[in-house]
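For reference, the chains in residue letters:
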Amino acid sequence: MATPDRYNDDTPAPYDIIGDVHGCRNELISLVYRLGYQPDGSHPADRRLIFLGDLVNRGYANVQTAEWVTQGVLAHRLLFIPGNNDWDLVKWLRGENNKLSPGLLATIRELAGGQINSPFSLAFQEIVQSAPPYLILDRGRLIVAHAGIEADRIGKTDPETIHFTLHGEKIGVEEATGRIIRRDWAADYSGSAFIVYGHTPVERAEIRNSTINIDTGCVLGGYLTAFRWPEKEIVQVQSGYDWRQIRPQAEESQE
Ligand SMILES: [Mn+2]
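What counts and how
- Residues numbered from 1 in each chain as written.
- Predicted model: local features only at pLDDT ≥ 70, side-chain atom pairs only at ≥ 80, totals over all residues.
- Helix = DSSP H or I, 4+ residues; strand = E, 2+ residues; numbered from the N terminus.
- Rg over C-alpha atoms; globule rule 2.2 N^0.38 Å.
- Buried ≥ 20, exposed ≤ 12 C-beta atoms within 10 Å, placed from the backbone.
- Contact = placed C-beta atoms within 7 Å.
- Expected span 1.5 Å × (residues − 1).
- Arc of directions from axis to C-beta.
- Pairing = 2+ DSSP bridges.
- Axes fitted to C-alpha atoms, helices over the stretch in contact; angles between N-to-C directions.
- Parallel < 35°, antiparallel > 145°, perpendicular 65-115°, else oblique.
- Left-handed = near helix turned anticlockwise from the far one by under 90°.
- Nonpolar A, V, L, I, M, F, W, Y, C, P; charged D, E, K, R; others polar.

Participant: Account for the overall build of the chain, with residues named and values stated.
Facilitator: When helices and strands are counted, the chain shows seven helices and twelve strands. Over its C-alpha atoms the chain spans a radius of gyration of 17 Å, differing by no more than 12% from the 18 Å that the globule rule assigns to 255 residues. Dimensions of the chain along its principal axes, counting C-alpha atoms only, are 45 × 45 × 35 Å. Counting across all 255 residues of the chain, residues that qualify as buried make up 44%. The long-range fraction of contacts in the chain, counting pairs at least 24 apart against all pairs at least 6 apart in sequence, stands at 65%.

Set out below in structure tokens:
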């Protein structure tokens, strides 16, 4: 099975891959500034921003965050793959999502008057729907996938693989907190491509078996993290926002 061209991006390195933003716009602005980008997302040394999904939901400026990334994608200044939360918003905009999580509601409230046909709403649907489920970069040396990818799935495009890259593999729910437990696929990863992913918040972004999870819980009072490739350096901005203090009942929704 040949991998479609859109999965393979020939934009040359260096890249700066940014983890789950979840509407933390101020932290995003600070981070891209610290990484040396211009306000429009371009870089004087031709570095490239890559977003690994979950731009929206739960945060305080979800629409503005998604608008900025959308403009950059449409202008071919940056790369983006969607996360499950981006798809949740797109499905709602298409009238297909009737499961309104508290996190999604935070975004919907920002869409003035619930305008589902605004230029932003249409453009955001466009970039999410046209993006590949995961990206193969730097001639196969680097993979960016929202929830990660197992070695034997790299290059595959079947529905199970796509579901895995978006959601991971749920293996249970923590009784005390209601938190979703996902299989720690990276613990068993032995592929040669380096995998950058997010989706499941972790306290520290650490390289394990040629993988790194850079979702350091920015929307939960943690950090917004960028991973520089090929340098393998981490750049972080501390978050000034914790969604759980605003919506403590949203604790059950950890995605
Ligand atoms: Mn996610």
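This is not the end of the story, as more comes after the structure.
Participant: Account for helix α5 (residues 119–130), with residues named and values stated.
Facilitator: For α5, built from twelve residues, the straight-helix expectation of 16 Å at 1.5 Å per residue is met to within 8% by its first-to-last C-alpha distance of 16 Å. Turning to α5, its buried residues number three or more, namely Ser121, Phe124, Ile127 and Val128. With its buried residues spanning 135 degrees around the axis, α5 presents them on a single face. For α5, the exposed residues set more than 90 degrees away from the buried face come down to Pro119, Leu122, Gln129 and Ser130.

Participant: A description of the sheet that holds strand β5 (residues 142–145) should follow, citing residues and the corresponding values.
Facilitator: Strand order in the open sheet made by the five strands is β4-β5-β8-β10-β9, with mixed pairing throughout. Of all strands in the sheet, those with a lone pairing partner are β4 (134–137) and β9 (207–208), marking the two edges. Strand direction decides the pairing type here: β9 and strand β10 (residues 211–213), joined by two bridges, are antiparallel. Of the residues in β10, the one forming a bridge with Ile207 is Ile212.

Participant: Report on the packing of helix α2 (residues 62–74) against α5, specifying residues and quantitative values.
Facilitator: α5 packs onto α2 with a crossing angle of 60 degrees between their chain directions and a minimal axis gap of 10 Å. Overall, the two elements α2 and α5 adopt an arrangement that is oblique. Crossing geometry of α2 relative to α5 is assigned as left-handed. For the pair α2 and α5, contact is made by Val63, Ala66, Glu67, Thr70, Val73 and Leu74 and by Phe120, Ala123, Phe124 and Ile127, respectively. For the contact of α2 with α5, the per-class residue count stands at eight nonpolar, one polar and one charged.

Participant: I'd like a description of α2, backed by residues and values.
Facilitator: The first and last C-alpha atoms of α2 sit 18 Å apart over 13 residues, in line with the 18 Å expected at 1.5 Å per residue. Within the span of α2, buried status applies to Asn62, Val63, Thr65, Ala66, Trp68, Val69, Thr70, Gly72 and Val73. Contacts from the buried residues of α2 go to α1 (25–34), β2 (48–51), β3 (79–80), α4 (102–110) and α5. A positive phi of about 60 degrees marks His76, the residue just after α2.

Participant: For the sheet that holds strand β1 (residues 15–18), give the residues involved together with the corresponding values.
Facilitator: In spatial order, the strands read β3-β2-β1-β11-β12; together these five strands make up an open sheet with mixed pairing. Both outer strands of the open sheet, β3 and β12 (233–238), are each paired with one neighbouring strand and no more. Inspection of the sheet shows β1 paired to strand β11 (residues 223–229) by four bridges, in the antiparallel sense. Paired with Asp16 across the bridge in β11 is Arg228.

Participant: Which residues make up the packing of helix α3 (residues 84–93) against α5, and what values do they have?
Facilitator: Direction vectors running N to C along α3 and α5 enclose 130 degrees, while the axes themselves pass 10 Å from each other. Judged by the angle between their axes, α3 and α5 are oblique. Viewed along their axes, α3 and α5 form a crossing whose handedness is left-handed. Where α3 abuts α5, its residues Asp86, Trp87, Val90 and Leu93 lie against Ser121, Phe124, Gln125, Val128 and Gln129. Taken together, the residues that form the contact of α3 with α5 break down as five nonpolar, three polar and one charged.

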